[in-house]
Amino acid sequence: MSPGTTPGRAAAPRFDLPEPDAFTRPYWDAAAEGQLLLRRCGGCGRAHHYPREFCPYCWSEDVGWERASGDAILYTWSVVHRNDLPPFGSRVPYVAAVVDLAEGPRMMTEIVECAPAALRVGMGLTVTFRGAEEGGGEAVAVFRPCG
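One structure accompanies this document, and this report is about it. Not measured: the values here are computed from a predicted model. Throughout this document, residue positions are counted from 1 along each chain, in the order its sequence is written. At least 70 in pLDDT is required for a residue's local features to be given in this predicted model, at least 80 for side-chain atom pairs to be given and counted, and no such filter applies to totals for whole chains, interfaces and linings, which use all residues. Only hydrogens and water are removed before side-chain values are computed, so all heavy atoms of the structure are retained for them.

Structural notes on the pattern of salt bridges
Salt bridge, as used here: a side-chain nitrogen of Lys or Arg that lies within 4 Å of a carboxyl oxygen of Asp or Glu. Counting across every chain of the model gives six salt bridges. With a shortest N-O distance of 3.3 Å, R25 and E138 are connected by a salt bridge. You can see R25 sitting in helix α1 (residues 25-32) and its partner E138 sitting in the loop between β7 (124-130) and β8 (140-145), a full 113 residues away along the chain. In this structure, D100 and R106 form a salt bridge, with 2.6 Å as the shortest nitrogen-oxygen distance. It is possible to trace a salt-bridge network through shared partners that takes in R25, D29 and E138. Only DSSP runs of H or I covering at least 4 residues are called helices, and only runs of E covering at least 2 are called strands; the numbering of each starts at the N terminus.

Considerations on unusual backbone geometry
For the bond running from H49 to Y50, omega is 20°, close enough to zero to count as cis. Along the chain, Y50 turns up in the loop between β2 (47-48) and β3 (63-67). A cis amide bond links P86 to the next residue, P87, at an omega of 0°. Considering the arrangement of structural elements, one finds P87 in the loop between β4 (71-80) and β5 (94-101).

Remarks on the layout of surface pockets
The volume enclosed by the largest pocket comes to roughly 630 Å³. Throughout, the protein atoms alone are placed on a 1 Å grid, and a set of points is a cavity if a 1.4 Å probe fits but cannot get out or a pocket if it is open with protein on both sides within 12 Å along at least five of seven lines; lining residues have an atom within 4 Å of a point. What lines the largest pocket is a set of 27 residues, and nearest its centre among them are D16, W28, M108, V140 and A141. Where the lining of the largest pocket is concerned, the elements lending two or more residues are α1, β5, β6 (106-111) and β8. With four residues, β6 is the largest single contributor of residues to the lining of the largest pocket. Only Asp, Glu, Lys and Arg are considered charged, only Ala, Val, Leu, Ile, Met, Phe, Trp, Tyr, Cys and Pro nonpolar, and every remaining residue, Gly among them, polar. Of the residues contributing to the lining of the largest pocket, the split by class is 15 nonpolar, five polar and seven charged. Grid points are joined across faces, edges and corners, and a volume is the space filled by probe spheres set on the points.

Focus: the side chain of S60
Within the fold, S60 resides in the loop between β2 and β3. By relative accessible area, S60 is classed as buried at 16%. Polar side-chain contacts of S60 include one of 2.9 Å to the backbone nitrogen of D62. Ignoring anything within four residues of it in the chain, the contact list for S60 reads C41, G43, F54 and C55. Exposed residues in this analysis have more than 50% of their type's maximum accessible area, buried residues have under 20%, and partly exposed residues fall in between, with area computed by a 1.4 Å probe over protein chains only. Here a polar contact is recorded for every N or O atom pair within 3.5 Å, except that within protein the pair must consist of a potential hydrogen donor and a potential acceptor, and residues adjacent in sequence are included only if both atoms are side-chain atoms. When checking whether two residues touch, look at their non-hydrogen atoms; a contact exists if any pair is within 4.5 Å.

Let's talk about the environment of Y27
For Y27, the position within the fold is in helix α1. Exposure remark for Y27: the relative accessible area of 6% places this residue in the buried category. Each C-alpha atom, one on Y27 and one on P51, is 7.9 Å from the other, the two residues being 24 residues apart in sequence. In this structure, Y27 is in contact with L36, L37, H49, P51, W65 and M107, ignoring residues within four places of it in sequence.

Points about the sheet that holds strand β1 (residues 37-41)
Two strands qualify as a pair provided DSSP detects at least 2 bridges between them. Pairing in this open sheet of three strands is antiparallel, and the strands run β2-β1-β3 from one edge to the other. Lying at the two open borders of the sheet, with one neighbouring strand each, are β2 and β3.

Some words on the pairing of β4
Here β4 pairs with β7 via three bridges, running antiparallel. Counterpart to I73 in the pairing with β7 is G124. As defined by bridge partners, β4 adjoins β5 across eight bridges and the pair is classed as antiparallel. What sits directly across from A72, in β5, is L101.

Pasting the structure below:
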């Protein structure tokens, strides 16, 4: 039984927790240590995110892990005012976003520590992590304004 559950009553399902496997375990272990990892292709040299076992650009399987700088630029965003899936409902409003990582890949994420009215396309962001403090699971990369 997980903490905070009542005996005989199942915990509500969570829709924000990743399901790591042997391949993605290095990514999640790095996230737990406050590091964002990317995959870089040895064939064409391009970085990509989310982690895949092959390059999505040239299909090479010569790809490896690389530590990202954590720097990004805001590409676009949407303020979510309603989400009925646990635990998102307790977080509304929140900012779902797409950022361009300094290394090239575009990444879906969440913007934290910033009022939605202060968001601007092209603003500088830095990675931070929402950790297991919210009831278990893996640390997840989110972004906040630089400075």
